[in-house]
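What follows is each chain in one-letter form.
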Amino acid sequence: MTGKPIDYVWAFVIGGILSVVAQMVFQLLLPIVQDFSWTITYMLAVMATLSGLLTVAGQYQKLENKAGFGAMLPFTGFSAAIIEFTAAALDEEAGLYAAAKRGLRAAFIIFGVGLPLALVAALLVWLLS
């Protein structure tokens, strides 16, 4: 990312494409599952699996380099981050247990920092409105 206006366009386009793909998966699953909340769960699992496969193939990193936050913001960025941490540990010849532990630690860090910040922001918006 160079900070040029085209980078913002790419972030918007790639983030939008990922969102459209997720919506298409949701629409395909809804008639099969027939339960709204379970369909969302399955859609997130499918999107996480797709981003995991792209991460292992080395393609999601290219997408992140092109789109920046547009590729990181959707749920697919979360699963890709966990897989990247796990794969990095495996590349450093850590054992499977240590690699899994590093991936889970990344998830806890992301949720441990991001979730409280989101809750505080939501509380402030609610209090100020």
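Each chain has its residues counted from 1, following the order in which its sequence is written. Residue-level local features of this predicted model are given only where pLDDT is at least 70; pairs of side-chain atoms are given and counted only at 80 or more, and the full residue set underlies all totals for whole chains, interfaces and linings. Only hydrogens and water are set aside; all other atoms, that is, all heavy atoms of the structure, feed into the side-chain values.

### Quick word on a nonpolar patch on the surface
Here is step 1: Surface patches are defined over residues having more than 30% relative accessible area and no salt bridge, joining like charges when they lie within 9 Å and nonpolar side chains (Val, Leu, Ile, Met, Phe, Trp, Tyr) when within 5 Å. All accessible areas in this document rest on Shrake-Rupley with a 1.4 Å probe, and a residue is counted as covered only by the protein chains that are shown. Should a side-chain nitrogen of Lys or Arg be within 4 Å of a carboxyl oxygen of Asp or Glu, the pair is scored as a salt bridge. Taken together, the side chains of Ile6, Val9, Trp10, Phe12, Val13, Ile17, Val21, Val46, Leu50 and Leu53 define a hydrophobic patch exposed on the protein surface, amounting to about 870 Å² of accessible area.
Here is step 2: With seven residues, the top contributor of residues to the nonpolar patch is helix H1 (residues 5-33).
Here is step 3: The helix count covers DSSP runs of H or I at least four residues long, the strand count covers runs of E at least two residues long, and both are numbered beginning at the N terminus. Tracing the backbone through its elements, the reader meets Val46 in helix H2 (residues 36-56).

### With respect to the packing of aromatic side chains
Here is step 1: Two rings from Phe, Tyr or Trp (for Trp, the six-membered ring) form a pair when their centres are within 6.5 Å of each other. A pair whose planes differ by under 30 degrees is stacked, one over 60 is edge-to-face, and the rest are tilted. Under the defined criterion, the tally for this structure stands at two aromatic pairs.
Here is step 2: Ring geometry for Phe26 and Phe36: centres 5.4 Å apart, planes at 75°, overall edge-to-face. Here Phe36 lies in helix H2 and Phe26 lies in helix H1, a separation of ten residues in the sequence.
Here is step 3: Assessed through its relative accessible area of 52%, Phe36 is described here as exposed.
Here is step 4: When the centroid spacing of 5.9 Å and the interplanar angle of 35° are considered together, the rings of Trp38 and Tyr42 count as tilted. Within this pair, Trp38 and its partner Tyr42 are both found in helix H2, separated by four residues, close to a single helical turn.
Here is step 5: With a 1.4 Å probe rolled over the protein chains alone, any residue whose accessible area is under 20% of its type maximum counts as buried; one over 50% counts as exposed, and the rest are partly exposed. Overall, the relative accessible area of 39% leaves Tyr42 in the partly exposed class.

### Quick word on unusual backbone geometry
Here is step 1: Backbone geometry at Gln34 places phi at a positive 60°, although glycine is not the residue there.
Here is step 2: Examined against the element boundaries, Gln34 turns out to sit in the loop between H1 and H2.
Here is step 3: Given a relative accessible area of 66%, Gln34 falls into the exposed group.

### Re the side chain of Thr39
Here is step 1: In this fold, Thr39 is placed in helix H2.
Here is step 2: A residue is classified by how much of its surface remains accessible, and Thr39, at 0% relative accessible area, is buried.

### Quick notes on the pattern of salt bridges
Here is step 1: Here the structure, examined in full by the defined rule, presents one salt bridge.
Here is step 2: Among the ionic pairs, Arg102 bridges to Glu92, the shortest N-O distance being 3.0 Å. Separated by ten residues along the polypeptide, Arg102 in helix H6 (residues 96-128) and Glu92 in the loop between helix H5 (75-91) and H6 bring together distant segments of the chain.
Here is step 3: With a relative accessible area of 54%, Glu92 lands in the exposed category.

### Describing H5
Here is step 1: For H5, which comprises 17 residues, the first-to-last C-alpha distance of 25 Å matches the rise-based estimate of 24 Å (1.5 Å per residue) to within 8%.
Here is step 2: The complete set of buried residues in H5 reads Thr76, Gly77, Phe78, Ser79, Ala80, Ala81, Ile82, Thr86 and Ala89.
Here is step 3: Any two residues having at least one pair of non-hydrogen atoms within 4.5 Å are treated as being in contact. Buried residues in H5 make contact with H1, H2, helix H3 (60-67), helix H4 (69-72) and H6.
Here is step 4: One or two residues past the end of H5 sits Glu93, with phi positive at roughly 65°. In this analysis, the expected span of each helix is defined as 1.5 Å times one less than the number of residues it contains.

### A closer look at the side chain of Thr55
Here is step 1: For Thr55, the position within the fold is in helix H2.
Here is step 2: In contact with Thr55, other than residues within four places in its own chain, are Tyr60, Gln61, Ala80, Ile83 and Glu84.

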